[in-house]
Amino acid sequence: MRLDKYISQTTDFSRKEVKKMIKNGWIDVDGAIQTDAGSQVMPGQQVCLDGEPLAQPGPRYFMLNKPQGYVSVTKDANHPTVLELIEEPNLDKLQIAGRLDIDTTGLLLITDDGQWNHAITSPRKSCNKVYHVTLAEDISNETAPRFSEGILLDGELKPTLPATLDVIYANEARLTIQEGKYHQVKRMFAAVGNRVVELHRERVGDIVLDPDLAEGDYRPLTEAEISSVQP
Ligand code: URA
């Protein structure tokens, strides 16, 4: 990759600023100052700005422990967005892989790899999402069988795909669903006469929310977590 492109992709500097920095001798590649913006950076080479190593360009993958009060969109006039919790360059390139409602907490995946995002969110890929749900009313005996048969939600043409409900206490359960329809968990419980009061996502596919992540914190995914999702 061209040196100026490499630096633009890994920082928030404009291409014009990057060219100036290179010309001024602020950039070194493997310890040697490089003043040619068009020179090639080879895989494995370390590019430094003012002696500080830059991240490798390429797809990025993060998990965030989403707190309440943040919206899962990239821009919003009225509420803070989850991207405000992420301190990375080129935030505008990041996408949210499977949104959570403003009042839902837990595992949110963020990436700039569109295919990987699609593998998580496409209903055709059947990627399981596991939620811990707290309800206003005790869970009736008919809830688990109805969820496993599939429920026709208001305004939908097809019933939900089979979902698994594991009751933990009278009004608390773990629900595994394969899709991510708008407000799906809340609408499923509403359809059986109950109401979700707390919703927390624990897992997406094989990726489990890291217990060491405090609310509002994020970390890069491990190689194993990234490759557990097959685009
Ligand atoms: N289902 C919902 O109702 N809300 C969420 O945030 C996620 C799934």
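It should be noted that the structure appears before, not after, this text.
The structure displayed is predicted, hence computed values, not measured ones.

With that settled, the discussion passes to the packing of aromatic side chains. Scanning the model with the defined rule gives three aromatic pairs in all. For the pair Tyr-61 and Trp-116, a centre-to-centre distance of 5.0 Å together with 70° between the ring planes defines the contact as edge-to-face. On the criterion of sequence distance, the pair formed by Tyr-61 in strand 5 (residues 61-66) and Trp-116 in helix 3 (residues 114-121) is long-range, its members being 55 residues apart. Here Tyr-61 and Trp-116 have matching classes, each one buried. Summarising the aromatic geometry, the rings of Phe-62 and Tyr-218 are spaced 5.5 Å apart at their centres and angled 85° between planes, so their arrangement reads as edge-to-face. Of the two residues, Phe-62 is situated in strand 5 and Tyr-218 in strand 13 (residues 218-220); the sequence distance between them amounts to 156 residues.

Neighbouring the ligand are the residues Leu-100, Asp-101, Thr-104, Tyr-131, His-183, Gln-184, Val-185, Lys-186 and Leu-199. Separating an oxygen atom of the ligand from a backbone N or O atom of His-183 is a distance of 3.2 Å. Between the ligand and the protein, one listed contact pairs a nitrogen atom with a backbone N or O atom of Val-185 at 3.1 Å. Against a free-state accessible area of 240 Å², the protein chains account for coverage of 96% of the ligand. The leading source of residues in the shell around the ligand is helix 5 (residues 184-191), at three residues. Within the shell around the ligand, the residues separate by chemical class into four nonpolar, three polar and two charged.

Before going further, it helps to examine the sheet that holds strand 1 (residues 27-29). Within the open sheet, the four strands sit side by side as 2-1-3-4. Their pairing is antiparallel. Among the strands making up the open sheet, the edge pair consists of strand 2 (32-33) and strand 4 (52-53). Alignment of strand 3 (residues 47-49) against strand 4, held across two bridges, turns out to be antiparallel. Across the sheet, residue Cys-48 finds its bridge partner in strand 4, namely Pro-53.

Another point: the nonpolar core. Within the largest apolar cluster, 29 residues are counted, with the highest numbers of intra-cluster contacts made by Ile-110, Val-133, Phe-147, Leu-175, Val-185 and Phe-189. Those elements that provide at least two residues to this core are strand 5, strand 7 (105-111), strand 8 (129-135), strand 10 (172-177), helix 5 and strand 11 (196-204). The residues contacting Leu-175, other than those within four sequence positions of it, are Lys-129, Val-130, Tyr-131, Val-133, Phe-147, Ala-163, Thr-164, Leu-165, Val-185, Met-188 and Phe-189. By size, the runner-up hydrophobic cluster in this structure holds 16 residues, among which are Met-63, Trp-116, Val-204 and Ile-207.

Most of strand 5 is tucked away, with six of its six residues classed as buried. Both faces of strand 5 are covered, namely the face carrying Tyr-61, Met-63 and Asn-65 and the face carrying Phe-62, Leu-64 and Lys-66. Across six bridges, the pairing between strand 5 and strand 7 is antiparallel. By the bridge assignment, Met-63 is partnered in strand 7 with Leu-109. Taken together, the three bridges between strand 5 and strand 13 define a ladder with antiparallel strand orientation. Opposite Leu-64, over in strand 13, you have Tyr-218 as the bridge partner.

Okay, the side chain of Arg-187 next. Take Arg-187: it is sitting in helix 5. Given the relative accessible area of 19%, Arg-187 is considered buried. Contacts of Arg-187, omitting those with residues within four sequence positions, involve Leu-153, Asp-154, Glu-156, Lys-181 and Tyr-182.

Looking now at the pattern of salt bridges. Tallied over the full model, the rule gives 14 salt bridges. A salt bridge links Arg-174 to Glu-202; its shortest N-O distance comes to 2.7 Å. You can see Arg-174 sitting in strand 10 and its partner Glu-202 sitting in strand 11, a full 28 residues away along the chain. In this structure, Arg-219 engages Asp-210 in a salt bridge whose closest nitrogen and oxygen atoms are separated by 2.7 Å. With a relative accessible area of 16%, Asp-210 lands in the buried category.

Parameters at a glance
- In every chain, residue numbers begin from 1 and rise along the written sequence.
- At least 70 in pLDDT is required for a residue's local features to be given in this predicted model, at least 80 for side-chain atom pairs to be given and counted, and no such filter applies to totals for whole chains, interfaces and linings, which use all residues.
- Side-chain descriptors were evaluated using all non-hydrogen atoms of the structure, hydrogens and water having been removed beforehand.
- For Phe, Tyr and Trp, where Trp contributes only its six-membered ring, two rings pair if their centres lie within 6.5 Å, and the inter-plane angle classes them as stacked under 30 degrees, edge-to-face over 60, or tilted in between.
- Think of it this way: any DSSP run of H or I at least four residues long counts as a helix, any run of E at least two long counts as a strand, and we number them from the N terminus.
- Exposure classes here rest on a 1.4 Å probe applied to the protein chains alone. A residue is buried below 20% of its type maximum, exposed above 50%, and partly exposed in between.
- Near residues are defined by distance, with any heavy atom within 4 Å of the molecule or strand qualifying the residue.
- Polar contacts, as used here, are pairs of N or O atoms within 3.5 Å; protein pairs need one atom able to donate a hydrogen and one able to accept it. Residues neighboring in sequence count only if both atoms are side-chain atoms.
- Per-residue and other accessible areas follow the Shrake-Rupley method at a 1.4 Å probe size, with only the shown protein chains counted as cover for residues.
- Throughout this entry, Asp, Glu, Lys and Arg are counted as charged residues, while Ala, Val, Leu, Ile, Met, Phe, Trp, Tyr, Cys and Pro are counted as nonpolar. The remaining residues, Gly among them, count as polar.
- Should DSSP find at least two bridges between two strands, the strands are regarded as paired.
- The term nonpolar core refers to a set of buried residues drawn from Ala, Val, Leu, Ile, Met, Phe, Trp, Tyr and Cys, joined through side-chain atoms within 4.5 Å.
- Residue contacts are counted whenever heavy atoms from the two residues lie within 4.5 Å of one another.
- Note on definitions: salt bridges are taken to be side-chain nitrogens of Lys or Arg within 4 Å of carboxyl oxygens of Asp or Glu.

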